[in-house]
Amino acid sequence: MQWLMRPVPALPIIGSFADRLLLADLPDLPPSDRRLAVDFVAHRVDNLPSFTRFGVMVLGFVFRGLLAVPGGFGVAKVLVKLPLPLVAEYPRLIRSLAFAYVWETWPNTTATGAKVAATA
Amino acid sequence: MSMQRATATMDADVLIVGTGAGGATTAAILAEAGLDVLLVEEGDWVEQGAVVPFSLDQMDRQYRSGGVTVALGMPSIAYTEGCCAGGGTEVNSGLYWRPPGELLARWREQFDISDFDPDDLLAIADEVEADISVSTVPGGHTSPSEVLRRGADALGWRNGEIPRWMKYPPSKLASEPRSAVGERQSMTRTYLPRAMKAGARLALRCRVDRLVTNAGSARSAVTTLGDGSRGEITFRDVFVCGGAIQSPALLQRSGIRGHIGRTLAVHPTVKLAARFADALNVPDDVPVHQVKEFAPHLSFGGSASNPGLVALALLDQWATFKHAITQWRNISVYYAAITSEGRGRVRSLPGLKDPLVTYGLTHRDRELLRSGLGRLALLMLEAGATDVYPSFKGAPVVRNRRDLATMQGAFTAARASVMTVHLCSTVPMGEIEGKCGADSFGRVHGCRNIYVNDASLLPTAPGVNPQASVMAVAIRNARRFLDAGGCRG
Ligand SMILES: Cc1cc2nc3c(=O)[nH]c(=O)nc-3n(C[C@H](O)[C@H](O)[C@H](O)COP(=O)(O)OP(=O)(O)OC[C@H]3O[C@@H](n4cnc5c(N)ncnc54)[C@H](O)[C@@H]3O)c2cc1C
């Protein structure tokens, strides 16, 4: 269990799913900004309290495995809609961290992730 | 000032673990009485102004685990803890509520707390108010604050400005007449400098992993320093002031049992985002008005509302709420907070650095959250909100009273984003050992020289912002320790 607690960095485990999720939610967010948002999410996951981090990493493995099979992202999207509390928390955590980052960093971002010129 | 690098071996008459509202006040009282005091703090010293309030940068530098901490349950409750010199007092909203006298009397009766005279505590509150410059905002309030006043006035609900521990430099007020220019009189501005002036030493980035105990006495603490190396601190007495999550966790890691960590009490909070015709968002400050018509069970106030936090408030129903995000300047976030009957637990698990925290809401808590969110949405409509976005899965946009009924029907606490910043009661004080972790003055039951002196001691969540209660109780206990000849034994 210890190896899931700290030494393994979160990015390789959760990065691909977080990237797909953000691409689906914010299709117009420039890829470089999406990468920054994913890095931010991974950094936060690295600093989660031990128990929560353990849970997130286990779910990260499951979802990473799903992405490795064809159609896996679709399956993942169905899975998170099922009334399985901890499973649904996983994309929610990723979204909440990423959205907080995106709108704090680039406040003039539209709901699809596009940048608009700042209004006074 | 005597800030020092934590070293592998340190010693003191009194070790104080944690520098928040409880630890800083304890240090000032004991150091000014001439005791040799060493304060240790897991976090760093961050000057005010070095980070933007309520920003992600602040969360990285001044919150535990970047502010992403959760009490597991159905629903889970997100909570935050400060982790820096000054603890929660550096990051909080600065809203000051002296402990209600009736509540203090009830605590005394229900937990059998000796010499716990409400008048004495309120006299200490007077001192604290002078020390940390508790004051109202000079000049006008921000628009998000006015929304609360306007909506409550329209409904005839009791409301008012809550004073804060702030100084408002006249030079800044002249150029920017609003509350955001206030300088928070947190512990790094007040009690910590006072303690250090009196000779207390402060070691930063030093975490106490456990106390080495033997038959109810502790003589040393095992620490981890900022560079990951281990250290040891020897002392005669120790005050554990790590806050309501970390204090019980440290005691448990030290093998101390009893009534520790079993009765976490919080003010669970649900939120909504309200959109208005005109721009009103203030990204770096919170409203100072609160609505107390249904207090102490239910209170309304305003939350930090930078664009990232507005996005978070819309997240639960993103599919239908997301287009509002481009209007964040016209949006502010508000909360309904309850006093909970439910309780939580803090458990240290072998091999894990952080404790497992759980919380269970009762049926009454869930109903109160539902009615609270409904009433808050009504208040927003009365204040002129065009659209109200409640933070729960399946929520409708509320634009009129009919939508309100739909919203109330759709709400369940399990679908809501419940959070809290008020954590209390994990080592409640009092003489009843079956329900108290520490005695009437904070000494851990069954221990000779281990004291707790922070939010953990409050017997219940007070129903008002708790920092004033934490400080008054901590000062009382520190004085009692001196009166009882502490450290000379
Ligand atoms: C975002 C936020 C907003 C709030 N707003 C308000 C408000 O407006 N008004 C109000 O009255 N209250 C407010 N509060 C609550 C208030 O801040 C707390 O009640 C108060 O700070 C509790 O004091 P404490 O001494 O118990 O713990 P804290 O202030 O949390 O201090 C504990 C300190 O101990 C350190 N520590 C913990 N464990 C260890 C260890 N093992 N070794 C070394 N150091 C350790 C921590 O890093 C921390 O710095 C708010 C809190 C937050 C987080």
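Residues numbered from 1 in each chain as written. Chains lettered and ligands numbered in written order. Predicted model: local features only at pLDDT ≥ 70, side-chain atom pairs only at ≥ 80, totals over all residues. Heavy atoms only, no water.

1. Side note on the layout of surface pockets
Piece 1. Here the second largest pocket is characterised by a volume of approximately 700 Å³.
Piece 2. For the lining of the second largest pocket, a count of residues per class yields six nonpolar, eight polar and eleven charged. (1 Å grid on protein atoms, 1.4 Å probe; cavity = no way out; pocket = protein on both sides within 12 Å on 5 of 7 lines; lining within 4 Å. Points joined across faces, edges and corners; volume = space filled by probe spheres on them. Nonpolar A, V, L, I, M, F, W, Y, C, P; charged D, E, K, R; others polar.)

2. Some remarks on the side chain of S332(B)
Residue and element names in this part refer to chain B.
Piece 1. Tracing the backbone through its elements, the reader meets S332 in strand β18 (residues 331–338).
Piece 2. Since its relative accessible area comes to 1%, S332 is described here as buried.
Piece 3. Polar contacts involving the side chain of S332 include one to the side chain of S305, which spans 3.4 Å.
Piece 4. When sequence neighbours within four positions are dropped, the list of residues in contact with S332 reads P144, L272, A273, A274, L280 and S305. (Helix = DSSP H or I, 4+ residues; strand = E, 2+ residues; numbered from the N terminus. Buried < 20%, exposed > 50% of the residue type's maximum accessible area, 1.4 Å probe, protein only. Polar contact = N/O pair within 3.5 Å; in protein donor to acceptor, adjacent residues only side chain to side chain. Contact = heavy atoms within 4.5 Å.)

3. Comments concerning the pairing of strand β12 (residues 217–225) of chain B
All names here are of chain B.
Piece 1. The buried fraction of β12 amounts to seven of the nine residues, a majority that puts the element mostly inside the structure.
Piece 2. Count of turn residues in the strand β11 (residues 206–214)/β12 antiparallel hairpin: two residues, of which A215 carries a positive phi of about 50 degrees.
Piece 3. Relative to strand β13 (residues 230–240), β12 runs antiparallel, the two sharing five bridges. Residue pairing across strands places V222 opposite E232, the latter belonging to β13.
Piece 4. Taking the residues that link successive antiparallel strands as the turn, the β12-β13 hairpin has four residues, and the phi of G228 there is positive, at about 90 degrees. (Pairing = 2+ DSSP bridges.)

4. Digging into the packing of aromatic side chains
Piece 1. One pass over the full model with this rule turns up 18 aromatic pairs over all chains.
Piece 2. Ring geometry for F40(A) versus Y101(A): centroids 4.7 Å apart, planes at 20 degrees, classification stacked. Placement of the pair is F40(A) in helix α3 (residues 31–46) and Y101(A) in helix α6 (residues 85–105), with a sequence separation of 61 residues.
Piece 3. Residue class for F40(A) comes out buried when judged on its relative accessible area of 10%.
Piece 4. With a centroid separation of 5.0 Å and an interplanar angle of 65 degrees, the aromatic rings of F321(B) and Y389(B) are classed as edge-to-face. In this pair, F321(B) sits in helix α10 (residues 318–321) while Y389(B) sits in strand β21 (residues 387–390), placing the two residues 68 residues apart along the sequence. (Phe/Tyr/Trp six-rings, centres within 6.5 Å; stacked < 30°, edge-to-face > 60°.)

5. Thoughts on the environment of L148(B)
All names here are of chain B.
Piece 1. Take L148: it is sitting in helix α5 (residues 143–155).
Piece 2. We classify L148 as buried; its relative accessible area is 0%.
Piece 3. Residues L148 and G360, 212 residues apart in the sequence, show an inter-C-alpha distance of 30 Å.
Piece 4. Filtering out sequence-adjacent residues up to four positions away, L148 remains in contact with P287, H289, V291, G301, G302, Y334, L379 and M380.

6. So, the interface of chain A and chain B
Piece 1. If you look at the interface, chain A gives 30 residues, while chain B gives 34 residues.
Piece 2. Scanning the region where chain A abuts chain B turns up two salt bridges.
Piece 3. Listing elements by their share of the side of chain A that touches chain B, those giving two or more residues are α1 (2–5), α3, α4 (50–67) and α6 of chain A.
Piece 4. Among the elements that line the side of chain A that touches chain B, the one with the most residues is α6(A), at eleven residues.
Piece 5. Counted by class, the side of chain A that touches chain B contains 16 nonpolar, ten polar and four charged residues. (Salt bridge = Lys/Arg side-chain N within 4 Å of Asp/Glu carboxyl O.)

7. Structural notes on the site of the ligand
Residues and elements named next belong to chain B.
Piece 1. Around the ligand, the structure places 37 residues, and the nearest of them are G22, E41, L95, A455 and Q467.
Piece 2. Taking G94, its main chain carries an N or O atom lying 3.3 Å from an oxygen atom of the ligand.
Piece 3. Secondary-structure elements contributing two or more residues to the shell around the ligand are α1 (21–32), β11 and α8 (243–253).
Piece 4. It is β11 that provides the largest number of residues to the shell around the ligand, a total of three residues.
Piece 5. Residues that form the shell around the ligand fall into these classes: 14 nonpolar, 18 polar and five charged. (Near = heavy atom within 4 Å.)

8. As for the domain arrangement of chain B
Residue and element names in this part refer to chain B.
Piece 1. Along its sequence, chain B is organised into domain 1 (3–45 + 84–132 + 186–259 + 427–483) and domain 2 (143–175 + 268–420).
Piece 2. Measuring from the centre of the C-alpha atoms in domain 1 to the corresponding centre in domain 2 gives 31 Å.
Piece 3. Approximately 1,800 Å² of surface area, both sides summed, lies buried where domain 1 meets domain 2, with 59% of it carried by carbon and sulfur atoms.
Piece 4. Where domain 1 meets domain 2, there are zero salt bridges.
Piece 5. Counting across the domain 1 and domain 2 interface gives nine residue pairs in polar contact (both at pLDDT 80 or more).
Piece 6. In terms of residue count, α8 provides more of the side of domain 1 that touches domain 2 than any other element does, seven residues in total.
Piece 7. Broken down by class, the residue content of the side of domain 1 that touches domain 2 amounts to ten nonpolar, eleven polar and three charged. (Domains from an automatic or database assignment. Buried area = accessible area lost by both parts, 1.4 Å probe.)

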